[in-house]
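Read off the chains here:
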Amino acid sequence: MVYIRAKKVKSDNYLYLVKSVWDSKKNTSKQEIVKYLGKASEVIKEDIPIEFRNDSKILAVLASHNPKDIEKREESTKKSKQMLYKKLTEGDIQSSVKIYQEYIKIFNPGDFFDKILRPVMYKIGEDWASNTISIATEHVASNVAQTLVKIIMDEVTGAANKKKILVCVPLGEEHHLGCDVLETYLSIKGFKVYNIATSIPTESILSFIEYNKPDIVLISITLEDNISAGQRLVKKIKEQYDVPILVGGYAFQSEKVHKFNAKVIPDVNLEEIPRILRAA
């Protein structure tokens, strides 16, 4: 059984999708979190995993937390995704920035990355893989998206006063939009972020860790073909440094289980990442 649980923090409610799991040892059921959804007033239908998205009881709970604005917000999110897909694939950075600026008048920057930019880039990748768009169009869209993230990053003014985070990719991984998004969002949240992003030799990453002493290493992997390289990178880091390592990215969207000597981050909202970092 899957349902939504609300937790109040100060004056705001935050929603979690949970399920009941039978504990045979204690002979009772317990709650297990399926997904953290975010602030109740900002959660929309698309935040619910697709297999539970049309559950009438779940939709009723969403409506009860935001009965007036939920349809308006869902429509705004849908239109923003369609517009951003069009402008990115057209190479239109000015219009892409405007879409972001209009969207955060209603939502926050984390919502833009989670609900707009990330799913749009996933769709662009899928459309390229299925030959719906050309490789040239995919490259144009990726470059514009990276420029957009950098523009947003330039607006960040918060001082870094939390953990130092190294964000990197394994050798051979050329996709680094995920790293740029993490850099921007975590900087907004006050973390000191070292974003290596581009694929460099493992020895260079080890040297960086030696001299900069990050508190946590985040490894982003976009293509499944680079999973093995990611495993080798984790192994090398663990051999030399006692530093927590988190691994995530689009490569982990499939149901296949990959063994890492590190914590694998599932597909979670960006709002959940700071909590994961604090617990690491």
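What counts, and at which threshold
Sequence order sets the numbering: in each chain, residues are counted from 1 along the sequence as written. Reporting in this predicted model follows two pLDDT cut-offs: at least 70 for local features of residues, and 80 or more for side-chain atom pairs to be given and counted; totals over whole chains, interfaces and linings ignore these cut-offs and use all residues. The side-chain numbers reported here are obtained from all heavy atoms of the structure, hydrogens and water having been left aside. DSSP bridges decide pairing: two strands pair if at least two such bridges lie between them. Put simply, DSSP H or I for four residues or longer makes a helix, DSSP E for two residues or longer makes a strand, and each gets a number counted from the N terminus. Fitted lines through C-alpha atoms give the axes, limited to the stretch in contact for helices. The angle between two N-to-C directions lies from 0 to 180 degrees. Crossing handedness is defined as follows: a turn of the near helix away from the far one that is anticlockwise and smaller than a right angle gives a left-handed crossing, while the clockwise case is right-handed. Throughout, a contact is declared for two residues whenever any of their heavy atoms are within 4.5 Å. Under the convention adopted here, Pro, Cys and the residues Ala, Val, Leu, Ile, Met, Phe, Trp and Tyr are nonpolar, Asp, Glu, Lys and Arg are charged, and Gly plus all remaining residues are polar. The pocket and cavity definitions rest on a 1 Å grid over protein atoms only: a 1.4 Å probe that fits but cannot leave marks a cavity, an open set with protein on both sides within 12 Å along at least five of seven lines marks a pocket, and residues lining either have an atom within 4 Å of a point. Grid points are joined across faces, edges and corners, and a volume is the space filled by probe spheres set on the points.

(A) Structural view of the sheet that holds strand 6 (residues 216-220). If you walk across this open sheet you meet the five strands as 5-4-6-7-8, and the pairing is parallel. Both outer strands of the open sheet, strand 5 (192-195) and strand 8 (263-264), are each paired with one neighbouring strand and no more. In this sheet, strand 8 lies alongside strand 7 (residues 245-248) in parallel orientation, the contact comprising two bridges. Directly across from Leu246, in strand 8, lies its bridge partner Lys263.

(B) Expanded view of the packing of helix 7 (residues 202-212) against helix 8 (residues 227-240). It is at 10 Å that the axes of helix 7 and helix 8 come closest, and there the two elements cross at 35°. Here helix 7 and helix 8 pass one another in a crossing that is right-handed. For the pair helix 7 and helix 8, contact is made by Thr202, Ile205, Leu206 and Ile209 and by Leu233, Lys236, Ile237 and Gln240, respectively. Its residues assigned to classes, the contact of helix 7 with helix 8 shows five nonpolar, two polar and one charged.

(C) Molecular detail of empty space enclosed by the protein. In the structure shown here, the tally under the stated rule is one cavity of 30 Å³ or more. Space inside the largest cavity adds up to approximately 70 Å³. Lining of the largest cavity is provided by Leu37, Gly38, Lys39, Glu42, Val43, Gly110, Asp111, Asp114, Lys115, Asn269 and Glu271. Those elements giving two or more residues to the lining of the largest cavity turn out to be strand 3 (28-39) and helix 4 (109-129). Among the elements that make up the lining of the largest cavity, the one with the highest residue count is helix 4 (four residues). Class assignment for the residues of the lining of the largest cavity results in two nonpolar, three polar and six charged.

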